[in-house]
Amino acid sequence: MQEDELLISVTAEGYNADLIYYLTDNILSFNVLGYELLNGYFVTKILIDSLGQLHGYSEGEMLPTLNSDKIVDYTLENEGLMMSLSDSNELSVKVDISKKIPLLDLSDEYIEIEDLLEYKEYIVGDGFVNLYKGNLYFNKTTQNNNVLLIFENNSLTDSSYKSILSAIEVMFESKSILDYFQKNYSSISSDSEFTGFKIEINPADLSAEIVPSGSEDYEYIRVTIYRDEVNSLKFDSDVFESIENPKTGVSNYIIFGLVLLVIGLTTYAVCNRRTHKM
């Protein structure tokens, strides 16, 4: 900190960035444009979460609210936070550091088909996808077969189950395969295995997956999808109408790629250290 400026320096995997936040009275403000947009947005969320800890929230407790699209409805006057993205892709953030920002009720939110379509090629084939939405963290990897891993804050609910159905629909575009899965596993209950699918509740070994910060506060479900077995299943009727991505642009809750994850882990300590001095 220097007078009314907070400087956060980020270094990871050969990447370097200096992000400057300005304090006027109780209002901390930040603007970023262009190639620094995603990193600036990500670091800013961690900074706001750190400020939330000064007001009694636990580490990471604010992140589901900050990852929600509904955060754009917050105002500086009412909730103590304003975040907006202009048509020219300039991110503007203002936060009242004297206020405890209220949390959103995200219990009904789940990962919908529209949330996955921008990454359809990675969902369908080999690839890696990470995203947060509401109380959920979604991770798709390919380890010989496709693996879905969904974490939910506190306990697994129907939101996790519906998120799995969305991923299966995008992956196969087959109503018959979706119906087959639902018939064999109608809700989250216990471990299960049937042709093409293996389901594990809170598996002990997560060494091959990336897990979210504070994962000890989550329950999780892993679905291993044996693609060759699923594709060998025979049904009378098969295909949904092809689903296409109806939108483009930057998602508010996507963290895509290992570099950003490393940046997040390194800056969390920096942000916590500096905001506690404010």
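This one's a predicted model, so the numbers in the text were calculated from it and none came from an experiment.

Conventions adopted
Residues numbered from 1 in each chain as written. Predicted model: local features only at pLDDT ≥ 70, side-chain atom pairs only at ≥ 80, totals over all residues. Heavy atoms only, no water. Helix = DSSP H or I, 4+ residues; strand = E, 2+ residues; numbered from the N terminus. Buried < 20%, exposed > 50% of the residue type's maximum accessible area, 1.4 Å probe, protein only. Salt bridge = Lys/Arg side-chain N within 4 Å of Asp/Glu carboxyl O. Pairing = 2+ DSSP bridges. Axes fitted to C-alpha atoms, helices over the stretch in contact; angles between N-to-C directions.

Q: Is there a simple way to explain the environment of Asp-228 in this structure?
A: Checked against the element boundaries, Asp-228 lands in helix H7 (residues 227-232). Overall, the relative accessible area of 66% leaves Asp-228 in the exposed class. Each C-alpha atom of the pair Asp-228 and Gly-196 lies 7.6 Å from the other, and the pair is 32 residues apart in sequence.

Q: Is there a simple way to think about the pattern of salt bridges in this case?
A: Where side chains of opposite charge bring their charged atoms close, a pairing between them can arise. Taken as a whole and assessed by the stated rule, the structure comprises eight salt bridges. Across the pair Lys-162 and Asp-158 runs a salt bridge whose closest N-O atoms are separated by 4.0 Å. Of this pair, Lys-162 and Asp-158 both sit in helix H5 (residues 158-172), four residues apart, which is roughly one turn of the helix. For Lys-162, a relative accessible area of 30% corresponds to the partly exposed category.

Q: What should I look at first to understand the sheet that holds strand S4 (residues 81-85) in this one?
A: Consider a sheet: its strands pair through backbone hydrogen bonds, and that pairing is either parallel or antiparallel. Pairing within the open sheet is antiparallel, and its five strands lie in the order S1-S2-S3-S5-S4. Two strands lie at the open edges of the sheet, namely strand S1 (5-12) and S4, each paired on one side alone. Direction aside, neighbouring strands of the sheet carry axes that sit 15 degrees apart on average. With three bridges joining them, strand S2 (residues 15-24) and strand S3 (residues 27-33) adopt antiparallel strand pairing.

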